[in-house]
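# Tertiary structure, described
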Amino acid sequence: MTFKTLCVGLFFALFLTHMYTSIPDNIEERWKVMALNAVAKTCIFMATCLEKIGIMKFEEFIDMIFRLDYVQPLSDEYITVVDTAFANIPVRLYLPKKKAETPRRAVIYFHGGGFCLGSFKQRALDYLNRWTANKLEAVVVGVDYRLAPRHHFPAQFEDCSAVVRFFLQDSTLAKYGVDPTRICISGDSSGGALAAAVTQQVQNDPKIKHRIKIQALLYPILQTIDIYLPSHRENVHGLFITRDVGIRLLSLYFSKDEALMQAMRRNQHMPLESKHLFKLANWSTLLPEKYRKDHVYTEPILGRSTFSLPALMDHRASPLLANDSQLQNLPLTYVLTCQNDLVRDDGFIYVSRLRNIGVQVAHVHMQDGIHGALSFITLPFYLHLGVRIKDMYVNWLDNNL
Ligand SMILES: *[C@@H]1O[C@H](CO)[C@@H](O)[C@H](O)[C@H]1NC(C)=O
Ligand SMILES: *[C@@H]1O[C@H](CO)[C@@H](O)[C@H](O)[C@H]1NC(C)=O
């Protein structure tokens, strides 16, 4: 038996052990979701083993799997697709071919992947961005910001911010025929964190001439100060991604220090001087009662860590830590949350914060939603849930941008 056969055999054995997990009753396409979940959990298990025996790091293995799904820029009858760079940061542009009578709308999209993984090259994202360009006859920009653990915060934020600033220059807007009053920033998961943070910055920077018209945050991560919200508790062994994996990626955003990861697991990673920030993300006051259920709020345990990381208190990493005056200038905001999602409550809390100060929000909560569903909207997966999320998001853009 060759090594390869052994590996394939091992994969299937692991796959089968992960196949029969119980999943919520309201999930559609149950078998497909169970199979995708089993593949994800098998990859996570293999990545963990490879790291333990010292062959490669956890995130390197997952990155290898992600790369299998990358696609080259491919123009079609309607859209010209090109890879280029804005401010030295790689971007993929989707430019409609049809002549436009008036300047076009534009969408800048930040991909997810826990700040460590992913690219605009992922098949599903390439498809989503192309679809958006087609349906809206808009210019769409996918951004490949630097990733952790090679680059820690604020590299990711700075790259996204630099691309947006570059795009908002009159010369760039003119070159691509974009209407400066009709620009959207979007992102999913960690890309949602970057979209929220960059939008906060752009709207509050008097040096930037143009403003963002709308932002769309799809199952966004919006804070890292409290990793024991009701949604974290309910999704410890969540579909596709566990709390452990979420924390592993999140900690790498800030540092390679294993102590941070361990402290985050215990939710004891914040320093004493962060006490005043907790009211900004307090789920006991900001999460709707229906989702608080009978979870008991406990005060954060601070100052237990040996490391000092100001980034943990930075609103560019955790957009929920912006104060009300920074949130006041935000544009119309679309927030999509999923019930089966570690970071479900981040989205809910941001919606509460924004509505409390009068920012207009369109909030869609998917009771049968699963974090990451947008990654499975192409063949061979074609997850109906992901396709519904895509259609809702793009229709909302079409109606509001
Ligand atoms: C969070 O809100 C609750 C009230 O529901 C309050 O008792 C608690 O002190 C708050 N915690 C922080 C850190 O603001
Ligand atoms: C909000 O934060 C900004 C930036 O950190 C600061 O300049 C401002 O004074 C704060 N506003 C309030 C009301 O705390």
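Structure shown above.
The structure contained in this document is the topic of the report that follows. (Residues numbered from 1 in each chain as written. Chains lettered and ligands numbered in written order. Predicted model: local features only at pLDDT ≥ 70, side-chain atom pairs only at ≥ 80, totals over all residues. Heavy atoms only, no water.)

## Focus on the pattern of salt bridges
- Under the definition given, this model contains 24 salt bridges.
- Close ionic contact of Arg67 with Asp63 constitutes a salt bridge, the shortest N to O distance being 2.8 Å. Of this pair, Arg67 and Asp63 are both found in helix 3 (residues 58-67), 4 residues apart, which corresponds to roughly one turn of the helix.
- The exposure class assigned to Asp63 is buried, which follows from its relative accessible area of 18%.
- Among the salt bridges present, the one from Asp314 reaches Arg316, with a minimum N-O distance of 2.8 Å.
- Residue classification places Asp314 among the buried positions, given a relative accessible area of 16%.
- Each of Asp76, Asp83, Arg92, Asp126 and Arg130 takes part in one network of salt bridges that share partners. (Salt bridge = Lys/Arg side-chain N within 4 Å of Asp/Glu carboxyl O. Helix = DSSP H or I, 4+ residues; strand = E, 2+ residues; numbered from the N terminus. Buried < 20%, exposed > 50% of the residue type's maximum accessible area, 1.4 Å probe, protein only.)

## Section: the site of ligand 1
- Around ligand 1, the neighbouring residues are Phe278, Lys279, Asn282, Ser284, Thr285, Tyr297 and Glu299.
- A distance of 2.8 Å is found between an oxygen atom of ligand 1 and a side-chain nitrogen or oxygen belonging to Glu299.
- Classifying every residue of the shell around ligand 1 gives 2 nonpolar, 3 polar and 2 charged. (Near = heavy atom within 4 Å. Polar contact = N/O pair within 3.5 Å; in protein donor to acceptor, adjacent residues only side chain to side chain. Nonpolar A, V, L, I, M, F, W, Y, C, P; charged D, E, K, R; others polar.)

## Observations regarding the layout of surface pockets
- The computed volume of the largest pocket comes to approximately 1,300 Å³.
- When contributions to the lining of the largest pocket are tallied by element, the ones reaching two or more residues are helix 2 (30-52), helix 3, helix 4 (123-136) and helix 9 (243-254).
- Examining the composition of the lining of the largest pocket, we find that 7 residues originate from one element, helix 2, more than from any other.
- Considered as a void within the structure, the second largest pocket measures approximately 450 Å³ in volume.
- In this structure, the second largest pocket is lined by 19 residues; those nearest its centre are Asp63, Arg67, Cys116, Leu147 and Ala148.
- Counted by class, the lining of the second largest pocket contains 6 nonpolar, 3 polar and 10 charged residues. (1 Å grid on protein atoms, 1.4 Å probe; cavity = no way out; pocket = protein on both sides within 12 Å on 5 of 7 lines; lining within 4 Å. Points joined across faces, edges and corners; volume = space filled by probe spheres on them.)

## As for the sheet that holds strand 6 (residues 214-218)
- Reading across from one edge, 1-2-4-3-5-6-7-8 is the order of the 8 strands in this open sheet, with mixed pairing throughout. Looking at the sheet topology across the chains shown, the edges are occupied by strand 1 (79-86) and strand 8 (361-370). Averaged over all pairs of adjacent strands, the angle between strand axes in this sheet comes to 20°, irrespective of strand direction.
- In terms of strand pairing, strand 2 (residues 89-96) meets strand 4 (residues 139-143) through 4 bridges, oriented antiparallel. When the bridges of strand 4 are listed, Arg92 appears paired with Gly142.
- Contacting strand 3 (104-110), strand 5 (178-188), strand 6, strand 7 (332-340) and strand 8, helix 15 (residues 384-400) crosses the sheet at an angle of about 170° to strand 8. (Pairing = 2+ DSSP bridges. Axes fitted to C-alpha atoms, helices over the stretch in contact; angles between N-to-C directions. Contact = heavy atoms within 4.5 Å.)

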